[in-house]
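# Observations on the three-dimensional arrangement
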Amino acid sequence: MKTVVYDGSYEGLLTAVFEIYEYRFNEAVIQKKDQVTTLLFGDIHEVVSNPEKSERVIKRLKEKISKNSLKQIFTTYLSEEKNIENSLLRYIQYVMRSKDPVDNDYSNPDVLVVQQMSRKVHREKHRMEAFIRFQLTKDQIYYAIIQPDYNVLPLISKHFEERYADQQWLIYDVARKYGYFYNKENVEEVQVNFSEGVNDAGNKHMIFDEKEELYQKLWQQYFSSVNIAARKNMKLHIQHMPKRYWKYLMEKKVT
C-alpha cells in the first residue's frame, strides 16, 4: 500500500490524484502531511503541489461529470472530514473508469458521501452568510470572528465582497487560524493572532470604534423588542439558529 502525502491544499490533493495515475499506484491512500500515521519506514510518496497537474485532473473531470458535481468535489474537500481525501480519490477513480455519467449514481458509497457531505458544507455556508455579525474597529475595519463546523470561508467571501463592497472587512476563522481581508478592491488571505479575550468587555474601548457599543446596544434592544415572550418557541429557534453560533452573535449578548 502506497501512502501519498500532500500539503493539505486542494491543488495538492488533485496533484496527489494525478500522480497516483502517473506512477500507476495500484493501491494507494492519501494523507495530509501533518497527519501521516504510516510507520517511519512505510512506503511513502510525497507530492509537491503542481498547478498543471491539478488542472489536468479538473479538465478530465469536466469531460466526465457536470459542473455542479465538480463543485461538489471541492465542497466535500472543504469538509475536512477524516479520510475524506480517500472518499474523493475513490469517487474520482469511479468517474474515470466509467463510460457513462455516474455522478448521480447513489448506489455507489463514495458518490453518496460526496453528495451528502457537500450538502452539509453548503448548509454551513448559508448559515455563516446569515449569522455573521461585523463589529467596527477604531481602524474603521469591520471584523467578524467565526468558528464554523467546516472550512467555508472560501465559499462565503464572494457573498460579503458583493454585499459590503464599500467597506473594509475581515472575517477570521479562529478554528483554522486564517481569514479573508477585503480592502475595497481585492480579497486576500491573512493570518492574525487574536487573543482569547478579544471580545471581552474590558477590551472593547481599546478595539472598537466609540459608536460601536451604542450600535450593539440598539441592536440588542431591537432583538429583545421583537422577540415576544408569549410566542417564543425555543426548540424552533435553536433549530434555525443552533447554539454553537450564539457565541459570536451580538443579539445574544443582551445584558
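Throughout what follows, the structure given in this document is the object of discussion.

What counts, and at which threshold
Sequence order as written defines residue numbering, which begins from 1 separately in each chain. Since the coordinates come from a predicted model, pLDDT governs what is reported: local features require at least 70, and pairs of side-chain atoms require 80 or more to be given and counted, while whole-chain, interface and lining totals use all residues. To obtain the side-chain values, all non-hydrogen atoms of the structure were included, while hydrogens and water were left out. Any pair of Phe, Tyr and Trp rings, taking the six-membered ring for Trp, is counted once the centres come within 6.5 Å. Such a pair is stacked with planes under 30 degrees apart, edge-to-face with planes over 60 apart, and tilted for the rest. Only DSSP runs of H or I reaching four residues or more are called helices, and only runs of E reaching two or more are called strands; each is numbered from the N terminus. To sort residues, take the accessible area from a 1.4 Å probe on protein chains only and compare it with the maximum for the residue type: under 20% means buried, over 50% means exposed, and anything in between is partly exposed. Note on definitions: salt bridges are taken to be side-chain nitrogens of Lys or Arg within 4 Å of carboxyl oxygens of Asp or Glu. The definition of a nonpolar core used throughout is a set of buried Ala, Val, Leu, Ile, Met, Phe, Trp, Tyr and Cys residues joined through side-chain atoms within 4.5 Å. We call two residues in contact whenever any of their non-hydrogen atoms come within 4.5 Å of each other. Fitted lines through C-alpha atoms give the axes, limited to the stretch in contact for helices. The angle between two N-to-C directions lies from 0 to 180 degrees. Here is the rule for angles: anything less than 35 degrees is roughly parallel, anything more than 145 is roughly antiparallel, 65 through 115 is roughly perpendicular, and the remaining ranges are oblique. Classes in brief: Ala, Val, Leu, Ile, Met, Phe, Trp, Tyr, Cys and Pro nonpolar; Asp, Glu, Lys and Arg charged; the others, Gly included, polar. Strands pair, by our definition, only if DSSP identifies at least two bridges between them. Assignment of crossover handedness uses the view with strands pointing away from the viewer, where a clockwise path from the first strand over the helix to the second indicates a right-handed crossover. Given a helix with a known number of residues, its expected span is that number minus one, times 1.5 Å.

### A few points about the packing of aromatic side chains
- This structure, assessed with the given rule, holds 11 aromatic pairs.
- Relative to Tyr77, the ring of Phe74 lies with its centre 6.1 Å away and its plane at 25 degrees, an arrangement referred to as stacked. Taken together, the residues span about one helical turn, with Phe74 and Tyr77 both in helix 3 (residues 67-77) at a distance of 3 residues.
- Judged by relative accessible area, Phe74 falls into the partly exposed class, the value being 26%.

### What about the pattern of salt bridges?
- Inspection of every chain in the model, using the stated rule, returns 9 salt bridges.
- The closest approach of N and O atoms between Lys33 and Glu46, which form a salt bridge, is 3.1 Å. One end of the pair, Lys33, is in the loop between strand 2 (28-32) and strand 3 (44-46); the other, Glu46, is in strand 3, and 13 residues separate them in sequence.
- Owing to a relative accessible area of 53%, Lys33 belongs among the exposed residues under this scheme.
- Put simply, Asp173 and Arg176 hold a salt bridge, and the shortest N to O gap is 2.8 Å.
- Each of Glu19, Glu22 and Lys53 takes part in one network of salt bridges that share partners.

### Observations concerning the nonpolar core
- Formed by 49 residues in total, the largest nonpolar core has its most connected members in Ile30, Leu61 and Ile73.
- Among residues more than four places away in sequence, those in contact with Leu61 are Leu70, Ile73, Ile92, Val95 and Met96.
- By size, the runner-up hydrophobic cluster in this structure holds 5 residues, among which are Tyr143, Ile145, Leu170 and Val190.

### Side note on the packing of helix 1 (residues 10-22) against helix 2 (residues 51-62)
- Contact geometry for helix 1 and helix 2: axes closest at 8 Å, N-to-C directions at 80 degrees. Here helix 2 runs roughly perpendicular to helix 1, going by the angle between their axes. Taking contact as the criterion, the partners of Glu11, Leu14, Thr15, Val17, Phe18, Glu19 and Glu22 in helix 1 are, on helix 2, Pro51, Lys53, Ser54, Arg56, Val57 and Ile58.
- Per-class residue counts for the contact of helix 1 with helix 2 are 6 nonpolar, 2 polar and 5 charged.

### Here's the deal with the pairing of strand 5 (residues 142-146)
- Strand 5 sits mainly inside the fold: 4 of its 5 residues count as buried.
- In the sheet, strand 4 (residues 135-136) pairs with strand 5 via 2 bridges, with the strands oriented antiparallel. Counted as the bridge partner of Gln135 is Tyr143 from strand 5.
- The antiparallel hairpin formed by strand 4 and strand 5 contains 5 residues in its connecting segment, where Gln140 sits at a positive phi of about 60 degrees.
- Note on the crossover from strand 5 through helix 6 (residues 153-163) to strand 6 (residues 169-173): the handedness is right-handed.

### Quick look at the sheet that holds strand 2
- The 3 strands lie next to each other as 2-1-3, forming an open sheet whose pairing is parallel. Lying at the two open borders of the sheet, with one neighbouring strand each, are strand 2 and strand 3. For this sheet, the mean inter-axis angle between neighbouring strands, taken without regard to orientation, is 30 degrees.
- Across 3 bridges, strand 1 (residues 2-6) lies against strand 3 in parallel orientation. Bridging across to strand 3, Val4 finds its partner in His45.

### Some points on the environment of Gln116
- With respect to the secondary-structure elements, Gln116 resides in helix 5 (residues 109-131).
- Classification of Gln116 by relative accessible area gives partly exposed; the value is 43%.
- Along the chain, Gln116 and Thr76 lie 40 residues apart, while their C-alpha atoms are 8.7 Å from each other.

### Thoughts on the side chain of Glu129
- Counting through the fold element by element, Glu129 comes out in helix 5.
- The contact partners of Glu129, leaving out residues within four places of it in the chain, are Leu155, Ile156, His159 and Phe160.

### Some remarks on helix 6
- For helix 6, every residue scored as buried is listed here: Leu153, Leu155, Ile156, Ser157 and Phe160.
- Elements in contact with the buried residues of helix 6: helix 3, helix 5, strand 5, strand 6, strand 7 (178-182) and strand 8 (187-190).

### Considering helix 4 (residues 84-97)
- Counted at 1.5 Å a residue, the expected span for helix 4 with its 14 residues is 20 Å, and the 20 Å between its end C-alpha atoms agrees.
- Buried within helix 4 are the following residues: Ile84, Glu85, Asn86, Ser87, Leu88, Leu89, Tyr91, Ile92, Tyr94, Val95 and Met96.
- On its buried face, helix 4 is in contact with strand 1, helix 1, strand 2, helix 2, helix 3 and helix 5.

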